[in-house]
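So the chains spell out like this:
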Protein chains: 2
Amino acid sequence: MSDLLERLRGRGWRLTAQRRVIAEVLDGEHVHYTADEVHALAVARLPEISRASVYNTLGELVALGEVLEVTTEGGRAKRYDPNAHRPHQHLVCSGCGTMRDVHLVTDPMGALPEGERFGFTVSGVTVTYYGRCPECGSRA
Amino acid sequence: MSDLLERLRGRGWRLTAQRRVIAEVLDGEHVHYTADEVHALAVARLPEISRASVYNTLGELVALGEVLEVTTEGGRAKRYDPNAHRPHQHLVCSGCGTMRDVHLVTDPMGALPEGERFGFTVSGVTVTYYGRCPECGSRA
DNA sequence: ATCCTATATTGGACATCATCTAAGTCAAGA
DNA sequence: TCTTGACTTAGATGATGTCCAATATAGGAT
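Small disclaimer: the values here were computed from a predicted structure and weren't measured.

With that out of the way, let us pick up the overall build of chain A. Each helix and strand counted, chain A has 4 helices and 6 strands in total. Walking chain A from its N terminus toward its C terminus, one meets helices and strands in the order α-α-β-α-α-β-β-β-β-β. Dimensions along the principal axes, computed over C-alpha positions, put chain A at roughly 50 × 40 × 25 Å. Residue burial in chain A is summarised as follows: out of 140 residues, 42% are buried.

Structure below.
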């Protein structure tokens, strides 16, 4: 993620303590925090950071294509996925909301026949799998 | 949709004017209203119906498996899809939010290899295509 | 090293979507 | 027709996200 900060600086992004802390929080594999979770983790490193800055910065990272915004059925809050580099999809636990990145063996775009496009110019597709993670098992 | 009311009555569902009106609003092809849209359309037929009843009834219909709750990236409010009978996916216009039901030529479940399941018991999958509808064209 | 200014941050108000509550109302079986 | 448990209601409350005016600051210019 440190290269992320480098890249952004190259784009004229002003590097502030708040933005650096948020980028640090987003560093890692299978990271899919909500804005509030990012804020809580950022506060642990920089107590005076505001919620507005977290929303602002996440929004900018999304606009810059460095972070993906992810919405799931049932889940109320959006989640933020720093793995914007390689295309992937998600597997979500309907018990605890845990999310894993998954990679498909076929391109889902190919599953939509021409006759089902209703004149749309189709530009993207998201695939989300739902199930129970090992911890949640078959409990309700 | 009248058979829906029959089915629900068979399940001990108490048939009230509010519920009947909501079921009527949800009748049709490619219907994907938000709760507020359902409320507005229901008010046109039954002026004193409350928002709470709309939320209650939609929640019950979802729990009974008669209506699907649909969330899309960017779209803030959940939408409700009465086409719960035949499996399908969605195509969403990123301009106006219009949504069409689409049917895929391959089962998306097959695209997730065993090695990408992380011990989850996978039970479902949603696929959502994004693009521009003919009315919105390529305008921003 | 210091200054300058465009840009970023902040707290709190506001907006939207959804849920909850307690009191009143009603569908439908006895 | 009566009774009752389920349904509806208005409005409060909660969760999430956006906006704003005032203040602070990064980083280039001096």
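Read on, since the account is not over.
Around DNA strand D sit 18 residues, and of these Arg 14 of chain A together with Arg 14, Thr 16, Ser 50 and Ser 53 of chain B come closest. Expressed as a percentage, the sugar and phosphate content of the atoms of DNA strand D within 4 Å of the protein is 72%. One nitrogen or oxygen atom from the side chain of Arg 14 of chain B is found 2.7 Å from a base nitrogen belonging to DNA strand D. Backbone polar atom of Glu 48 of chain B to a phosphate oxygen of DNA strand D: 2.8 Å apart, as the coordinates give it. Of all the secondary-structure elements, those providing two or more residues to the surface near DNA strand D are α4 (51-63) of chain A together with α2 (17-25) and α4 (51-63) of chain B. Residue classes in the surface near DNA strand D are distributed as 6 nonpolar, 5 polar and 7 charged.

This paragraph deals with the relation of the copies chain A and chain B. Of the transformation placing chain A onto chain B, the axial shift is 0.0 Å and the rotation is 179°, giving an RMSD of 0.2 Å. What the rotation and shift describe, once combined, is the action of a two-fold rotation axis. Among all C-alpha atoms of chain A, that of Val 127 of chain A lies closest to the rotation axis, at 2.3 Å. Looking at the interface residues of chain A, 98% of them are also at the interface in chain B, so both copies use one shared face.

Before going further, it helps to spend a moment on the nonpolar core. Among soluble globular proteins, nonpolar side chains are generally buried collectively. Grouped together as the largest cluster of nonpolar side chains are 24 residues, with contacts concentrated most on Tyr 129 of chain A together with Tyr 129 of chain B. Of all the secondary-structure elements, those providing two or more residues to this core are β4 (89-93) and β6 (121-132) of chain A together with β4 (89-93) and β6 (121-132) of chain B. With residues up to four places along the chain from it excluded, the contact list for Tyr 129 of chain A reads His 90, Leu 91, Val 92, Val 102 and Leu 104 of chain A together with Pro 108, Met 109, Ala 111, Leu 112, Val 122, Gly 124 and Val 125 of chain B.

Attention shifts here to the packing of helix α3 (residues 35-45) of chain B against α4 of chain B. Residue and element names in this part refer to chain B. Between α3 and α4, the shortest axis-to-axis distance is 9 Å and the interhelical angle comes to 120°. Here α3 lies oblique to α4, going by the angle between them. Crossing of α3 against α4: the hand is right-handed. Contact with α3, carried on its side by Ala 35, Asp 36, Val 38 and His 39, involves Arg 51, Val 54, Tyr 55 and Leu 58 of α4 and no other residues of that element.

Residues in close proximity to DNA strand C total 18 residues, the closest being Arg 14, Thr 16 and Ser 53 of chain A together with Arg 14 and Lys 78 of chain B. With respect to DNA strand C, the side chain of Thr 16 of chain A contributes an N or O atom lying 2.6 Å from a phosphate oxygen. Between DNA strand C and Lys 78 of chain B there is a distance of 2.9 Å, counted from a phosphate oxygen to a backbone nitrogen or oxygen. Mapped by element, the contributors of at least two residues to the surface near DNA strand C are α2 (17-25) and α4 of chain A together with α4 of chain B.

Residue and element names in this part refer to chain A. Under the defined criterion, the tally for this structure stands at 18 salt bridges over all chains. Residues Glu 6 and Arg 9 are paired through a salt bridge, measuring 3.6 Å at the closest nitrogen-oxygen approach. Within this pair, Glu 6 and its partner Arg 9 are both found in helix α1 (residues 2-10), separated by 3 residues, close to a single helical turn. Residue Arg 20 pairs with Glu 24 through a salt bridge whose shortest N-O separation is 3.0 Å. Of this pair, Arg 20 and Glu 24 both sit in helix α2, 4 residues apart, which is roughly one turn of that helix. The network of salt bridges with common partners includes Arg 7, Arg 11 and Glu 66.

Where interface size is quoted, it is often the accessible area lost as the parts come together. Residues and elements named next belong to chain A. When its domains are assigned, chain A resolves into domain 1 (1-84) and domain 2 (86-140). Here the C-alpha centre of domain 2 lies 23 Å away from the C-alpha centre of domain 1. Taken over both partners, the interface formed by domain 1 and domain 2 buries close to 890 Å², and the fraction arising from carbon and sulfur atoms is 52%. In this structure, the connection of domain 1 to domain 2 is made through 0 salt bridges. If you look at where domain 1 meets domain 2, you find 10 residue pairs in polar contact (both at pLDDT 80 or more). At the level of secondary structure, the elements contributing two or more residues to the side of domain 1 that touches domain 2 comprise β2 (68-70) and β3 (79-81). Split by residue class, the side of domain 1 that touches domain 2 holds 3 nonpolar, 4 polar and 3 charged.

Tallying the contact residues gives 43 residues for chain A and 42 residues for chain B. Here chain A meets chain B over a buried area of about 3300 Å², counting both sides, of which 60% is carbon and sulfur. Joining chain A to chain B, the criterion identifies 0 salt bridges. For the pair chain A and chain B, the number of links is 16 residue pairs in polar contact (both at pLDDT 80 or more). The set of elements that each furnish at least two residues to the side of chain A that touches chain B consists of β2, β4, β5 (99-102) and β6 of chain A.

Basis of the calculations
Residues numbered from 1 in each chain as written. Chains lettered and ligands numbered in written order. Predicted model: local features only at pLDDT ≥ 70, side-chain atom pairs only at ≥ 80, totals over all residues. Heavy atoms only, no water. Helix = DSSP H or I, 4+ residues; strand = E, 2+ residues; numbered from the N terminus. Buried < 20%, exposed > 50% of the residue type's maximum accessible area, 1.4 Å probe, protein only. Near = heavy atom within 4 Å. Polar contact = N/O pair within 3.5 Å; in protein donor to acceptor, adjacent residues only side chain to side chain. Nonpolar A, V, L, I, M, F, W, Y, C, P; charged D, E, K, R; others polar. Least-squares fit on C-alpha atoms with pLDDT ≥ 70 in both. Contact = heavy atoms within 4.5 Å. Core = buried A, V, L, I, M, F, W, Y, C linked by side-chain atoms within 4.5 Å. Axes fitted to C-alpha atoms, helices over the stretch in contact; angles between N-to-C directions. Parallel < 35°, antiparallel > 145°, perpendicular 65-115°, else oblique. Left-handed = near helix turned anticlockwise from the far one by under 90°. Salt bridge = Lys/Arg side-chain N within 4 Å of Asp/Glu carboxyl O. Domains from an automatic or database assignment. Buried area = accessible area lost by both parts, 1.4 Å probe.

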